[in-house]
Amino acid sequence: MKKSTSEINVRYGETDQMGVVYHVNYLVWFEIGRTDFIETLGLRYAAMEDDGFLSPVVDAKLNFHYPVRYGEKPVVETWLHSYDGIRTMYRYEIKNEDGKLCVSGTSTHTVVKKETFRPVSIRRSLPEWHAAYSKALEA
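Position numbers for residues start from 1 in each chain and track the written sequence from start to end. Per-residue local features of the predicted model are confined to residues with pLDDT of at least 70, and side-chain atom pairs are confined, for both listing and counting, to 80 or more; whole-chain, interface and lining totals are unaffected and use all residues. With hydrogens and water stripped out, all remaining heavy atoms of the structure feed into the side-chain values.

Caption draft 1: Focus on the sheet that holds strand 4 (residues 75-83). The strand order across the open sheet formed by 5 strands is 1-4-5-6-3, and the pairing between neighbours is antiparallel. Two strands lie at the open edges of the sheet, namely strand 1 (3-7) and strand 3 (57-64), each paired on one side alone. The mean angle between the axes of side-by-side strands here comes to 20 degrees, regardless of whether they run parallel or antiparallel. Note: two strands are recorded as paired if DSSP finds a minimum of 2 bridges between them. Put simply, DSSP marks the helices as runs of H or I at least four residues long and the strands as runs of E at least two long, and each gets a number from the N terminus on. Sheet topology places strand 5 (residues 87-95) next to strand 6 (residues 101-110); 9 bridges connect them, and they run antiparallel. As a rule, the C-alpha atoms of each element are fitted with a line to give its axis, helices using only the stretch in contact, and angles between N-to-C directions run from 0 to 180 degrees.

Caption draft 2: Seen up close, helix 4 (residues 127-138). Under the convention used throughout, the expected extent of a helix is 1.5 Å for every residue step, that is, one less than its residue count. For helix 4, built from 12 residues, the straight-helix expectation of 16 Å at 1.5 Å per residue is met to within 8% by its first-to-last C-alpha distance of 17 Å. Residues Trp129, His130, Ala132, Tyr133 and Ala136 constitute the buried set of helix 4. The buried residues of helix 4 occupy an angular sector of 170 degrees when projected down its axis, which confines them to one face. When the buried face of helix 4 is taken as reference, the exposed residues oriented beyond 90 degrees from it are Lys135 and Glu138. If you follow the buried residues of helix 4, they end up packed against helix 1 (24-40), helix 2 (45-50), strand 4, strand 5 and helix 3 (122-125). Only protein chains enter the accessibility calculation, which uses a 1.4 Å probe. A residue is then buried if its area is under 20% of the maximum for its type, exposed if over 50%, and partly exposed in between. Picture the helix axis, draw a direction to every C-beta atom, and the arc is the one those directions span. Contacts between residues were defined by any pair of non-hydrogen atoms, one from each residue, lying within 4.5 Å.

These results come straight from atomic positions and should not be treated as a statement about function.
Okay, here's the thing in C-alpha cells:
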C-alpha cells in the first residue's frame with residue numbers, strides 16, 4: 001500500500017488552554033497529508049483547479065486516541081482507503097515521535113465542476129487521476 005508521511009511542527013496557536021492540540025487542527029493536518037500523498041502520485045490539486053474542477057470534502061471522521069501537545073513533532077501517514085471512480089476516501093494516522101497513535105480518521109471527497117459544483121466522474125473527467133488512484137490501490 002502506497003503511503004505518504006508528513007511531519008508536523010505543533011505551533012502554540014494550535015493548542016488549547018490545556019496545551020493539547022485543538023481538535024479542529026487535525027483536519028488541517030489531514031489536508032497537509034492528503035496534499036502530500038497526492039503529490040507522491042505525481043498529481044497536484046492546483047492543476048485540478050486550473051482545469052476547472054474542485055474536490056470538496058463530503059464526509060470526515062476523526063478518532064482521538066492520545067493527545068498531541070505543543071512542541072511535539074507528530075507525523076501524518078496518509079493513504080488511499082477506497083476509490084470508485086466518483087468518490088475517494090483517504091485514511092490518516094497521526095502518530096507522535098514515539099510512534100504512538102494519537103488520531104486516526106478518514107475523509108471522503110468527490111470532484112465537481114468549479115462553475116456549477118455538479119459532481120463529475122473522475123474516471124472520465126480526470127483520467128490521469130483515475131489511473132494514479134487505481135494504481136495506488138493496487139500497490
